[in-house]
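Geometric and topological summary
Residues per chain, in single letters:
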Amino acid sequence: MKCLIVGHLTHDIILRGNVRIERIGGGVYYSALVLSPFCDVEIITKVGKDFPKEWLRELKERGIWITLLPSKYTTTYELRYLDENTRILRLLSKADSFRVSEIPTDNWDIILLNPVANEISGEIVKKMRGFISIDVQGFVRSFENGKVGLKKTNASFLSNAKIVHADVNEFEMLDEIDNKPEVMLISNGADRGEAVYRGERYHFEPIKMSVAETTGAGDSFLAYFSYFYKQYPFMKALKMTVSFTAFFLKYRTPFFDFDEARENAKNVKVEKI
Ligand code: INS
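Residues numbered from 1 in each chain as written. Predicted model: local features only at pLDDT ≥ 70, side-chain atom pairs only at ≥ 80, totals over all residues.

As a further point, take the site of the ligand. Taken together, 14 residues lie near the ligand, and Thr10, Gly25, Gly27, Tyr77 and Val116 sit nearest. Partitioning the shell around the ligand into residue classes produces four nonpolar, eight polar and two charged. (Near = placed C-beta within 6 Å. Nonpolar A, V, L, I, M, F, W, Y, C, P; charged D, E, K, R; others polar.)

Okay, here's the thing in structure tokens:
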């Protein structure tokens with residue numbers, strides 16, 4: 001299976017109490033990581049020359065192909081965690097946005113668009129064809145002196161997607177989604193989430209467990225769902241997704257006991273409302 005993932009890789013500065021960690025991030029990073037055991041993954045991204053080579057090497061060693069487009073700066077975020085699910089984001093620098101001509105439209109089994117700082121335009125989304133999954137986060141963010149907020153966004157371009165993920169606050173920002181995607185996933189941190197599948201609403205219950213922080217939760221959730229929905233009916237795909245995301249956040253590696261995660265999926269609660 002061939003999976004294309006588009007968006008900025010980021011330089012994340014994660015602050016938790018008095019712990020400070022600098023590491024690679026970006027929606028594309030987490031989505032690529034969790035898909036790497038199942039898919040031939042290619043990332044199209046833009047980073048500056050300052051982006052640590054060893055971070056790119058880690059991805060290449062996992063068999064992930066990276067098309068690096070040049071940019072003056074790297075998208076750099078400070079993520080200050082107040083508790084495991086609450087964080088304040090600051091954008092410290094931003095890489096260049098993508099141009100329409102930079103994104104190929106050839107045959108991919110899954111195309112996952114996961115921007116973090118408005119780097120993918122609605123025009124690019126409209127041009128893509130195929131099995132398209134979109135994370136809304138990088139389309140609805142606003143930036144004022146680095147402070148990250150949310151802005152109302154005309155979401156008509158989302159009608160080109162099969163699967164869309166947003167958290168509850170981002171979802172509120174979407175105006176005019178006339179042609180709904182086949183699956184709309186609305187997560188709410190560790191609390192109950194909602195999915196709308198062909199117009200029918202469902203609740204799903206994330207697995208409760210203690211993790212140090214949840215960076216990449218939405219990115220892994222969307223990537224797993226895209227992969228499982230490609231082969232299973234909606235319900236099964238969603239249960240598998242909830243379970244695999246919990247395992248990923250617990251172990252912070254895309255390799256854990258898949259049989260155990262599959263078994264665990266049977267206990268995930270999804271109900272029609
Ligand atoms: C993280 C992660 C998050 C995104 C942040 C990014 O690495 O990808 O999903 O919201 O902006 O810095």
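In space, the ten strands of this open sheet follow the order 5-4-1-8-9-13-15-16-17-18, with mixed pairing throughout. With partners counted over all chains shown, the strands left at the sheet margins are strand 5 (65-70) and strand 18 (270-272), one partner each. Pairwise comparison of adjacent strand axes, ignoring direction, gives a mean angle of 15 degrees for this sheet. Alignment of strand 17 (residues 200-204) against strand 18, held across three bridges, turns out to be antiparallel. Within strand 18, the residue paired with Tyr202 across the bridge is Lys272. Seen against the sheet, helix 5 (residues 217-231) touches strand 8 (110-113), strand 9 (132-135), strand 13 (163-167) and strand 15 (183-188) and runs at an angle of roughly 155 degrees to strand 13. (Pairing = 2+ DSSP bridges. Helix = DSSP H or I, 4+ residues; strand = E, 2+ residues; numbered from the N terminus. Axes fitted to C-alpha atoms, helices over the stretch in contact; angles between N-to-C directions. Contact = placed C-beta atoms within 7 Å.)

Read these as spatial facts, not as claims about activity.
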